[in-house]
Amino acid sequence: MSIREQLGKRILFFDGGMGTLLQARGLKPGELPESWNLTRPEEIIAIHKAYLEAGADIILANTFGANSLKFPEDLKEIVAAGVANAKTAVAESGKEAYVALDLGPTGKLLKPMGTLAFEDAVTIYKEVITAGAEAGADLVVIETMSDTYELKAAVLAAKEACTLPVMASVIFGENEKMLTGATPEAVVALLEGLRVDVIGINCGLGPKQMKSVFAKMAAVASAPLMLSPNAGLPRTEGGRTVFDVEPEEFAADMGELIGMGAWLAGGCCGTTPAHIRALVDKCKDMTPCMLTDKNMTMVSSYSHAVEIGEKPVIIGERINPTGKSKFKQALRDHNIEYILEEGVRQADAGAHILDVNVGLPEIDEASIMQEVVYELQSILDTPLQIDTGNAVAMEQAMRLYNGKPMINSVNGKAEIMREVFPLVQKYGGVVVGLTLDESGIPETAEGRLAIAEKIYETAAQYGIPRKDIVIDALTMTMSTNDASAGITLEAVRTLKKQGSRTVLGVSNISFGLPQRELINTAFFTMALQAGLSAGIINPNAKTMMEAYDAYLVLGGFDSQCSEYVRKYAAAKIPAKNDTNVTNMPTQGNKAGDANGQNSNLAGNIATASNSKSDGMDLKTCIIKGLKEQSTRATTAMLQDKAPLDIINEELVPALDVVGQGFEKGTMFLPQLLMSAEAAKAGFEVLKQYMDKSGQTQAKKGTIVLATVKGDIHDIGKNIVKVLLENYAYEVIDLGKDVPPEKIVAAVQESGAPLVGLSALMTTTVTSMEETIQQLRDTAPWCKVMVGGAVLTQEYADKIGADFYGKDAMQSVYYAEGLFVRE
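The model shown is predicted, which means the values in this text are computed figures rather than measured ones.

**Student:** Any chance you could break down the overall build of the protein for me, citing the residues and the numbers?
**Tutor:** From N to C terminus, the protein includes 30 helices and 25 strands. Expected size for 822 residues packed as a compact globule is a radius of gyration near 28 Å; at 28 Å, the protein falls within 12% of this value. Considering only C-alpha atoms, the protein reaches an extent of 80 × 75 × 50 Å along its principal axes. Buried residues in the protein amount to 60% of all 822 residues. Within the protein, contacts between residues separated by at least 24 positions form 74% of all contacts whose residues are at least 6 apart in sequence. Looking at the protein as shown, the accessible area adds up to about 30,500 Å², and 51% of this sits on carbon and sulfur atoms. Counting 76 positive and 103 negative side-chain charges, the protein places the averaged centre of each group 2 Å from the other.

Encoded structure:
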């Protein structure tokens, strides 16, 4: 019986941790665990058999870290041996069990945050999956993923390289977000769109700490769920990494989680065969919870999901050349910065989703669409609607989009549905269905409803559920037909009663008429009352957003009128004949506000009169991560301000705003890094100016950074480096897999008063402890800060660190305090 056939019939059990067991069997610091597949297969087989004897149904092959970055010469052999060892253990145990090809992170951040291109990541994973499938793996398990972009690359690789079942699991921090900011809802939206077989959480947290985030995932997921927590939190004991949750306690906690909806359960770091045996004994007779379709229409970005449901949402319409001469010229001139600024303005004004249309006959639409989507998602966490009739452009944009996009559009024409639905089936998305077909646009609501049903039925043939279709009943101009609004609104009301989701391009209603905003606002209000789910509008249009905000109050969507009061209580009421609307209240409810997010920082941005770049001041350019605009704004400011004043009064305060947002959870790692890049662009302008004039910016101090011996994951270290350099520190970056002796030598040679050490793997924390001890013996003046996924404050204290940074900004704050004291 295949693993898919087993799902839901009974609780299935994974195995537990591998690294700590290998350490106990002699794995040395810095030795890659996967190398034992070839050099010490008997040890790997013995561990697998111990888990099988404990009751595990699924054995993860020892391939977690196997990829061409770590094994450029013998990857295929390493993977094949890993699968073969697991299959040997299953055969020798005599138990019916499944062997999973285990895939972990590459250890690299993907562009634009890091150096690894998305397609290169797909290729890296394909190599492993191809080798694992050929070796006879029964399924693919993608686990411990901290970045949704890398997660998507791995899932696409699995779908393209094999036909095996795919299970995907991510790691959340105590803030219930992934490293790059994704919420549980965003993860579910992405993975259900990609149609994985099982979605899960592993590592990072113990079972008690995992309950809250798992509950959020279970509340929105319609797919089966799996869980593999750590055995609590790590600590050192006699030079070894140990965990604090014993088997019986682990099993009791897991029983609660299974009762909340997990169909598959196992263990991660610190768990042993004893933990899995206790888990199986406790939970083997439990009945899997009934799986229900939550019927939620969700799109997502890298950070959060937006539900298109009862509460209507705003889709910003301004990234579209139709009727916009400046936008058309920007496309012709390849002025991507203009398009990015348009996106920023709409997101700040309250758009929940941004429509992206770059179709002009004289440009390469596919290439420009790909670039614009990539750049927009680099600086904004607002979900995107990919709006094109070009199938090549659509696929390229859907492929590289970091989330589950909205797709605009299909219609009732068979040819169009055959073209678009396979893309949605593969990449995931919520599709706009236009109610027109080969016969044109029906002149009655009934005719448009019939086309909507045809779209639903055809989508189902591709495995696309009704919830992933949003029907556009089409807004036709009133200037040509007095019944246009009535027909559309009747269709919207009927669709609402049927449980369908709807969208309209609102401004079409007034085409050809004067004072269009008057008509648009009235029609928008009528459509909202009729049950419209999403309006495609200009979110910078004052009256449109006022109508929307008022409707949320009157419709009962704004609890205690809190958002309305927040926005309008202090708003200026224009005097008679006063056309100045610059005091229009800022719209703080971005995409996430309807879903618990709010990353609007308008209140923190102070405008500098001579630091503008196309209407944006320097601080805004940095906060929004706009590199080109930051360069221009800095150049303009040099006309009136000294370079060091710009640094101290503009650039660093802007970085402080972003850092504070990151600490509060209103901004996320991608925004933090893109802001750092924008600041770096400004610094470069100032550096060139100061070099010519003989000025210099004094460095605050020297800091040595390294990923410790045996650990080749340098994501965290690289993030800290970027931030420290922006705060004017001299950083000596020793790289990854750095022996203690090299770190000590660098400190002695430079006299650095601070070292930053990073470790991701439990098997390499002992190297961190050894490094700290050597520094204490030979460089007692040097403080040590540590960070990494496996560390906690208690752990850091026990290995002798001076400071534990739970994130990159904490490291900056510690350095600032340390060097000020000195």
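**Student:** Can you lay out unusual backbone geometry for me, pointing to particular residues and giving the numbers?
**Tutor:** A cis amide bond, omega 5°, links Lys 111 with the succeeding residue Pro 112. Note that the residue after Asn 408, namely Ser 409, is joined by a cis bond; omega there is 20°. Structurally, Ser 409 is set in strand β16 (residues 406-411). Of note, Thr 144 is a non-glycine position whose phi angle comes to about 55°, a positive value. Tracing the backbone through its elements, the reader meets Thr 144 in strand β4 (residues 139-145). Judged by relative accessible area, Thr 144 falls into the buried class, the value being 13%. Phi angles above zero are rare outside glycine, and Gln 515 is one such case at about 45°.

**Student:** Outline the nonpolar core, supporting the account with residue identities and numerical values.
**Tutor:** Most often, soluble globular proteins keep nonpolar side chains buried together rather than apart. The biggest cluster of nonpolar side chains holds 201 residues, and the ones touching the most others in it are Ile 142 and Leu 724. Setting aside residues up to four positions removed in sequence, Leu 724 forms contacts with Ile 703, Leu 705, Tyr 729, Val 731, Met 785, Val 812 and Ala 815. Membership of the second largest hydrophobic core comes to 28 residues, among which are Val 755, Ile 772, Cys 782 and Ile 799.

**Student:** For helix α5 (residues 75-93), give the residues involved together with the corresponding values.
**Tutor:** For α5, which comprises 19 residues, the first-to-last C-alpha distance of 27 Å matches the rise-based estimate of 27 Å (1.5 Å per residue) to within 8%. Considered for burial, the residues of α5 that qualify are Leu 75, Ile 78, Val 79, Ala 81, Gly 82, Val 83, Asn 85, Ala 86, Ala 89 and Val 90. Buried positions along α5 lie against α3 (36-39), α4 (41-54), β2 (58-60), β3 (98-103) and α6 (118-135). Where α5 terminates, the next one or two residues include Gly 94, which has phi positive at roughly 75°.

**Student:** Before we move on, can you summarise the pairing of strand β17 (residues 430-434) with the specific residues and values?
**Tutor:** Most of β17 is tucked away: five of the five residues are buried. Burial of the side chains of β17 extends over both faces: Val 430, Val 432 and Leu 434 are buried on one face and Val 431 and Gly 433 on the other. Tracing the backbone out of β16, into helix α16 (residues 414-427) and back to the parallel element β17 gives a crossover that is right-handed. When β17 meets strand β18 (residues 469-472), the two strands line up parallel, connected through four bridges. Each bridged residue has a counterpart across the sheet, and for Leu 434 the counterpart in β18 is Asp 472. In this region the chain leaves β17, passes through helix α17 (residues 445-461) and returns to the parallel neighbour β18; the handedness of that crossover is right-handed.

**Student:** Before we move on, can you summarise the layout of surface pockets with the specific residues and values?
**Tutor:** Considered as a void within the structure, the second largest pocket measures approximately 1,000 Å³ in volume. Elements with a minimum of two residues in the lining of the second largest pocket: β13 (313-319), β16, α16, β17, α19 (516-530) and β20 (534-537). The element best represented in the lining of the second largest pocket is β16, accounting for four residues. For the lining of the second largest pocket, the residue count by class is 13 nonpolar, 16 polar and nine charged.

**Student:** Can you tell me about the sheet that holds strand β5 (residues 166-170), naming the residues and giving the values?
**Tutor:** Taken in spatial order, the eight strands line up as β1-β10-β7-β6-β5-β4-β3-β2 in an open sheet, and their pairing is parallel. The open sheet is flanked by β1 (12-13) and β2, the only strands paired with a single partner. In this fold α6 packs onto β3 and β4, with an angle of close to 165° to the strand it touches most, β3. Strands in contact with helix α9 (residues 207-220) are β6 (198-202), β7 (225-228) and β10 (262-265); relative to β6, the strand with the most contacts, it is inclined by about 165°.

**Student:** Run through the packing of α6 against helix α7 (residues 148-161), naming residues and quoting values.
**Tutor:** Between α6 and α7, whose axes approach to 8 Å, the crossing angle comes to 45°. If you check the angle between α6 and α7, you find them oblique. With respect to the hand of their crossing, α6 and α7 are arranged in right-handed fashion. Where α6 abuts α7, its residues Phe 118, Ala 121, Val 122, Tyr 125, Lys 126, Ile 129 and Thr 130 lie against Tyr 149, Glu 150, Lys 152, Ala 153, Ala 154, Leu 156, Ala 157, Ala 158, Glu 160 and Ala 161. Of the residues assigned to the contact of α6 with α7, the class counts are 12 nonpolar, one polar and four charged.

**Student:** How would you summarise the sheet that holds strand β23 (residues 754-758) if you had to cite specific residues and measurements?
**Tutor:** Consider a sheet: its strands pair through backbone hydrogen bonds, and that pairing is either parallel or antiparallel. The strand order across the open sheet built from five strands is β22-β21-β23-β24-β25, with neighbouring strands paired in parallel fashion. Edge positions in the open sheet fall to β22 (730-733) and β25 (803-804), since each of these has one partner strand only. Running over the sheet, helix α26 (residues 715-726) touches β21 (702-707), β22, β23 and β24 (783-787) and is turned about 165° from β21. The sheet contacts of helix α27 (residues 740-750) involve β21, β22 and β23, and relative to β21 the element is tilted by about 170°.

**Student:** How would you summarise the packing of α19 against helix α20 (residues 542-554) if you had to cite specific residues and measurements?
**Tutor:** Packing of α19 against α20 brings their axes to within 9 Å, and their N-to-C directions diverge by 20°. On the basis of their axis angle, the class for α19 and α20 is roughly parallel. For the element pair α19 and α20, the recorded crossing hand is right-handed. Across from Glu 517, Asn 520, Thr 521, Phe 524, Thr 525, Leu 528 and Gln 529 in α19, the residues of α20 making contact are Lys 542, Thr 543, Met 544, Ala 547, Tyr 548 and Tyr 551. Its residues assigned to classes, the contact of α19 with α20 comprises six nonpolar, five polar and two charged.

Conventions we followed
Residues numbered from 1 in each chain as written. Predicted model: local features only at pLDDT ≥ 70, side-chain atom pairs only at ≥ 80, totals over all residues. Heavy atoms only, no water. Helix = DSSP H or I, 4+ residues; strand = E, 2+ residues; numbered from the N terminus. Rg over C-alpha atoms; globule rule 2.2 N^0.38 Å. Buried < 20%, exposed > 50% of the residue type's maximum accessible area, 1.4 Å probe, protein only. Contact = heavy atoms within 4.5 Å. Areas by Shrake-Rupley, 256 points an atom, 1.4 Å probe, with all protein chains shown as cover. Lys, Arg positive; Asp, Glu negative; His and termini not counted. Charge placed at Lys NZ, Arg CZ, Asp CG, Glu CD. Core = buried A, V, L, I, M, F, W, Y, C linked by side-chain atoms within 4.5 Å. Expected span 1.5 Å × (residues − 1). Right-handed = clockwise from strand over helix to strand, strands pointing away. Pairing = 2+ DSSP bridges. 1 Å grid on protein atoms, 1.4 Å probe; cavity = no way out; pocket = protein on both sides within 12 Å on 5 of 7 lines; lining within 4 Å. Points joined across faces, edges and corners; volume = space filled by probe spheres on them. Nonpolar A, V, L, I, M, F, W, Y, C, P; charged D, E, K, R; others polar. Axes fitted to C-alpha atoms, helices over the stretch in contact; angles between N-to-C directions. Parallel < 35°, antiparallel > 145°, perpendicular 65-115°, else oblique. Left-handed = near helix turned anticlockwise from the far one by under 90°.

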